[in-house]
Amino acid sequence: MAAIHAATKLAYDDEGAGTPVALLHGLTFDRRTWRPISERLDSSCARSIAVDLPAHGESGGAPAPLDEVTAQLHELLGSLAVDRPIVVGHSMSGALASLYAATYPTCGVVVIDNGPDIRPYAQLIQRLEPALRGPGFADAWRPFEDSLGLQRIPEPTRSLVLNTHDVNQDIVVGYWETLLRTDPDELQAFIDTQIRKLVVPYLGVFGRPITDSEHERFGWLPDAQLEQWTGDGHFVHLVDPDRFATRLQQFVDHCTATR
């Protein structure tokens with residue numbers, strides 16, 4: 001079932017039954033990127049709720065700080081009678097999923113290719129701020145675009161993903177405002193505080209090696225399961241959707257059993 005929540009203006013697909021799994025896409029994409037995963041999950045055991053972030057896909061609204069988006073997501077899920085979901089986030093939404101799990105009752109959290117050490121990324125974005133805000137945006141964005149590794153995704157999934165891809169300067173910069181305006185060390189301290197609040201099972205899936213600083217922070221979690229599928233890149237979940245869906249289903253079963 002596809003619908004738009006009246007209060008938050010968030011568009012979503014709601015399919016299946018069982019443990020609710022909220023699926024959150026990355027910046028400049030939309031909820032359709034989750035179709036190859038949701039169609040592979042056991043619909044009798046997992047209720048997939050794929051959501052368009054504000055200003056993406058069919059959702060209205062404007063870019064907002066992640067705590068505001070988290071509150072909107074919580075309002076949407078509450079309207080669907082969802083209690084303690086598993087929240088799955090790719091890229092930027094990995095941070096959104098973690099923040100949700102640190103703030104609201106949650107059954108588990110899955111983060112895809114989004115590490116907990118934000119400092120190098122924040123420093124890079126701040127160095128590029130003049131170009132990102134000005135007429136040089138296209139050139140400044142190019143390294144980020146190249147890092148997505150979209151060419152690794154097999155067809156027909158790659159065409160599906162590309163059809164959702166919409167790079168809008170105002171939306172990108174709007175979502176990056178916190179990164180642009182906050183000292184990287186202060187932002188990292190906030191993130192570290194949120195990480196220490198996570199008490200539910202955590203699954204991190206990476207298409208690259210996990211860094212030492214990331215391993216340190218994952219060590220703070222009581223139930224952290226980590227996957228390094230090196231070489232699969234940023235869209236690690238869609239390079240081999242069968243592999244990821246199987247791993248996600250295992251995690252859903254784990255969370256359901258330990259709930």
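Refer to the structure printed above.
This structure is a prediction, so every number in the text was calculated from the model and none was measured.

**Describing the packing of helix α4 (residues 119–127) against helix α10 (residues 184–195)**
- Direction vectors running N to C along α4 and α10 enclose 145°, while the axes themselves pass 9 Å from each other. Between α4 and α10 lies a crossing whose hand is right-handed. Counting all contacts with α4, which are made through Arg119, Ala122, Gln123 and Gln126, the residues of α10 involved are Pro184, Asp185 and Gln188.
- Grouping the amino acids of the contact of α4 with α10 by side-chain chemistry returns two nonpolar, three polar and two charged.

**Here we look at the environment of Leu226**
- As for its placement among the helices and strands, Leu226 is situated in strand β8 (residues 224–228).
- By relative accessible area, Leu226 is classed as partly exposed at 30%.
- Along the sequence, Leu226 and Arg247 sit 21 residues apart, while their C-alpha atoms lie 11 Å from each other.
- With near-sequence residues (within four places) excluded, Leu226 lies in contact with Gly204, Ile210, His215 and Phe218.

**What to know about unusual backbone geometry**
- Of note, the bond from Glu155 into Pro156 is cis; its omega dihedral lies within 30 degrees of zero at 5°.
- Looking at the element boundaries, Pro156 is found in the loop between α6 (137–147) and α7 (157–164).
- Despite not being glycine, Ala81 has its phi angle at roughly 60°, a positive value.
- Relative to the elements of secondary structure, Ala81 occurs in the loop between α2 (66–79) and β5 (86–90).
- In this structure, Arg84 is a non-glycine residue whose phi angle is positive, near 55°.
- Within the secondary structure, Arg84 is located in the loop between α2 and β5.
- Taking relative accessible area as the criterion, Arg84 reaches 28% and is therefore assigned partly exposed.

**Examining the pairing of β8**
- Here five bridges tie strand β7 (residues 202–206) to β8, and the two strands are oriented parallel to one another. Bridge pairing links Val205 to Glu227 in β8.
- Traced from β7 through helix α11 (residues 212–218) to β8, the parallel crossover comes out right-handed.

**Observations regarding the sheet that holds strand β3 (residues 19–24)**
- Taken together, the eight strands give an open sheet; going across it, the order is β1-β2-β4-β3-β5-β6-β7-β8, and neighbouring strands pair in mixed fashion. Only two strands of the sheet have a single partner each, and these edge strands are β1 (2–4) and β8. The mean inter-strand angle of the sheet, taken between neighbouring strand axes irrespective of direction, is 20°.
- Contacting β3, β4 (46–51), β5, β6 (108–112), β7 and β8, helix α13 (residues 241–258) runs over the sheet at an angle of about 160° to β6.

**Some thoughts on the nonpolar core**
- Ranked by internal contacts, the top residues of the largest apolar core, which has 48 residues, are Val51 and Trp176.
- Leaving out residues up to four positions away in the same chain, Val51 has contacts with Leu10, Ala11, Tyr12, Leu23, Leu24, His25, Arg31, Leu73 and Leu76.
- In terms of nonpolar packing, the next biggest core, distinct from the first, is built from 29 residues, Leu41, Ala46, Val88 and Trp229 among them.

Analysis parameters
- Residues numbered from 1 in each chain as written.
- Predicted model: local features only at pLDDT ≥ 70, side-chain atom pairs only at ≥ 80, totals over all residues.
- Heavy atoms only, no water.
- Axes fitted to C-alpha atoms, helices over the stretch in contact; angles between N-to-C directions.
- Helix = DSSP H or I, 4+ residues; strand = E, 2+ residues; numbered from the N terminus.
- Left-handed = near helix turned anticlockwise from the far one by under 90°.
- Contact = heavy atoms within 4.5 Å.
- Nonpolar A, V, L, I, M, F, W, Y, C, P; charged D, E, K, R; others polar.
- Buried < 20%, exposed > 50% of the residue type's maximum accessible area, 1.4 Å probe, protein only.
- Pairing = 2+ DSSP bridges.
- Right-handed = clockwise from strand over helix to strand, strands pointing away.
- Core = buried A, V, L, I, M, F, W, Y, C linked by side-chain atoms within 4.5 Å.

Function cannot be inferred from these measures alone, as they are strictly geometric.
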